[in-house]
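# Coordinate inspection notes
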Amino acid sequence: MTDNAPVQPTPLTLLGTGAMGTALGRAWLAAGHPLTVWNRTPARTGALAAEGATVAATAADAVAANRLVVACLLDDASVGEALEDAGLTGRDLVNLTTGTPAEGRSRAAWAKARGARFLDGGIMAVPPMIGAPQSGAYVLYSGSAALFEEHRETLTVPAGTTYVGADPGFAALHDVALLSGMYGMFAGVTHAFALIRREDIPPKDFAPLLVSWLHAMAPMAHTAAEQLESGDFTRNVTSNLAMQVAGSTTLLRTAEEQGISPELLTPFLALMRRRLSEGHGDEDTAGLVDLLAPGEN
Ligand code: NDP
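Residues numbered from 1 in each chain as written. Predicted model: local features only at pLDDT ≥ 70, side-chain atom pairs only at ≥ 80, totals over all residues. Heavy atoms only, no water.

### Considerations on a nonpolar patch on the surface
Side chains of Leu179, Tyr183, Met185, Phe186, Trp213, Leu214 and Met217 sit close together on the surface and give an oily, nonpolar patch of about 670 Å² of accessible area. Ranked by residues supplied to the nonpolar patch, first place goes to helix H7 (residues 170-196) with 4 residues. Along the chain, leucine 214 turns up in helix H8 (residues 203-217). (Patch = residues over 30% accessible without salt bridge, like charges linked within 9 Å, V, L, I, M, F, W, Y side chains within 5 Å. Areas by Shrake-Rupley, 256 points an atom, 1.4 Å probe, with all protein chains shown as cover. Salt bridge = Lys/Arg side-chain N within 4 Å of Asp/Glu carboxyl O. Helix = DSSP H or I, 4+ residues; strand = E, 2+ residues; numbered from the N terminus.)

Here it is in structure tokens:
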């Protein structure tokens, strides 16, 4: 082969052609990767077969077809079930099935015992964002760095890649931590819309204000990170806890005036009051992390 010989796209196997699996498969096919697919319900492989994928009759056949095997199934148990009879020796298994950190770690040990290298992935995207370079879609990866490096180019086809460490539980942990942050935001947005709902305030007029406010507040995570790393929650505090707790009574009284339940707010406000009562009024809200996950010092 000369230095100028074109590099052939790596052939790979995809287990699972649900909504996400189909989006992933479509991106690999569009980029010219020979693709073998398997799905428990064979009819769901139709779309990818029409676009050029080879359909394997069993998961074991699909695994035998290629060294690189990507699983995108419902949950961790379905990965174990699907791969029960597959020969994994010498295979590179990339698991894009959502799971917990412990599931990632035990699946890595399970794969290693069967002779495979293992990389776990957490997809930070919905199917329409896959294969669309400008969408911001990416996948968090953890586990075998060697596998990641070797297949990085192929893995980058459907979405961006972010490797977060050799611990195979870290992709899931990062994924869930990001989703948990998102649900906090969803809770705030839900409460905010409830507050205005019965007034003559069109939600469409309110939404831009809400979006730009959340956007302006989001960088507080950088300050919180600096405080957590230094262990000093009083560093660079803009609005201290004592002031915030005093102000929060306005939030509760307004919810009462508007006749809406404060149930989304109260757990967080209760933590703020607890931290204050323990003598930490000069801190930022990052100090609340200490109540949930006490530090070692
Ligand atoms: P779907 O429900 O569309 O597909 C689920 C897939 O899992 C199907 O291929 C299904 O096969 C298969 N499956 C379920 N149970 C078993 C089993 N016991 N043995 C073998 N195969 C099984 O889900 P998605 O494609 O949307 O999701 C796949 C993964 O991607 C999930 O882990 C999800 O959390 C993750 N993900 C999805 C996102 C999304 O927005 N859709 C976003 C980020 C991550 P069958 O067709 O036979 O039922």
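### What to know about the pairing of strand S4 (residues 68-71)
Burial of S4 is two-sided: the residues Leu68 and Val70 facing one way and the residues Val69 and Ala71 facing the other way are all buried. With 3 bridges joining them, strand S1 (residues 12-15) and S4 adopt parallel strand pairing. Of the residues in S4, the one forming a bridge with threonine 13 is valine 69. As defined by bridge partners, S4 adjoins strand S5 (residues 92-95) across 4 bridges and the pair is classed as parallel. (Buried < 20%, exposed > 50% of the residue type's maximum accessible area, 1.4 Å probe, protein only. Pairing = 2+ DSSP bridges.)

### As for the sheet that holds strand S2 (residues 35-38)
Strands pair in a sheet through their backbones, by hydrogen bonds, and they do so in one of two ways: parallel or antiparallel. Taking strand neighbours across the sheet as the criterion, the 8 strands line up as S3-S2-S1-S4-S5-S6-S7-S8 in an open arrangement whose pairing is mixed. Both edges of this open sheet fall to strand S3 (54-55) and strand S8 (160-163), since each of them pairs with a single strand only. The strands touched by helix H6 (residues 145-155) within the sheet are S1, S4, S5, strand S6 (117-124), strand S7 (138-143) and S8, with S6 carrying the most contacts at an inclination of about 50°. Contacts between H7 and the sheet are confined to S6 and S7, with S6 contributing the most and set at about 10° to the helix. (Contact = heavy atoms within 4.5 Å. Axes fitted to C-alpha atoms, helices over the stretch in contact; angles between N-to-C directions.)

### Things to note about the site of the ligand
Taken together, 22 residues are adjacent to the ligand, and Met20, Asn39, Arg40, Thr41 and Thr98 come closest. Within the backbone of alanine 19, an N or O atom sits 2.9 Å from an oxygen atom of the ligand. Contacts to the ligand include methionine 20, whose backbone N or O atom sits 2.8 Å from an oxygen atom. Within the complex, the protein chains bury 79% of what would otherwise be the 900 Å² of accessible surface of the ligand. Among the cavities detected, the one that contains the ligand is the second largest pocket. The set of elements that each furnish at least two residues to the shell around the ligand consists of helix H1 (19-30) and helix H4 (76-82). With 3 residues, H1 is the largest single contributor of residues to the shell around the ligand. When grouped by side-chain class, the residues that make up the shell around the ligand number 10 nonpolar, 9 polar and 3 charged. (Near = heavy atom within 4 Å. Polar contact = N/O pair within 3.5 Å; in protein donor to acceptor, adjacent residues only side chain to side chain. 1 Å grid on protein atoms, 1.4 Å probe; cavity = no way out; pocket = protein on both sides within 12 Å on 5 of 7 lines; lining within 4 Å. Sits in = over half its atoms within 2 Å of the grid points. Nonpolar A, V, L, I, M, F, W, Y, C, P; charged D, E, K, R; others polar.)

### Comments concerning the pattern of salt bridges
In this structure the tally under the stated criterion is 10 salt bridges. Across the pair arginine 26 and glutamate 51 runs a salt bridge whose closest N-O atoms are separated by 2.9 Å. Here the residue arginine 26 occupies a position in helix H1, and glutamate 51 occupies one in the loop between helix H2 (46-50) and S3, the gap between them amounting to 25 residues. Residue arginine 26 is classed as partly exposed on the basis of its relative accessible area, which comes to 38%. Through salt bridges that share partners, Arg67, Asp92, Arg117 and Glu150 make up one connected network.

### Notes on the pairing of S8
Pairing geometry for S7 and S8, over 4 bridges, is parallel. Note on S8: the bridge partner recorded for tyrosine 138 is glycine 160. Taken together, S7, H6 and S8 constitute a β-α-β crossover, and its handedness is right-handed. (Right-handed = clockwise from strand over helix to strand, strands pointing away.)

### What about empty space enclosed by the protein?
On inspection of all chains with the given rule, the structure shows 2 cavities of 30 Å³ or more. The space that makes up the largest cavity amounts to roughly 40 Å³. Of all the secondary-structure elements, those providing two or more residues to the lining of the largest cavity are S6 and H7. Top element by residues in the lining of the largest cavity is H7. It accounts for 4 residues. Here the lining of the largest cavity is built from residues that sort into 3 nonpolar, 5 polar and 2 charged. Of the voids in this model, the second largest cavity is the one considered here, and its volume is about 40 Å³. Lining the second largest cavity are Asp76, Asn95, Thr97, Thr98, Gly99, Thr100, Glu103, Gly104 and Asp120. Among the residues making up the lining of the second largest cavity, the classes are represented as no nonpolar, 6 polar and 3 charged. (Points joined across faces, edges and corners; volume = space filled by probe spheres on them.)

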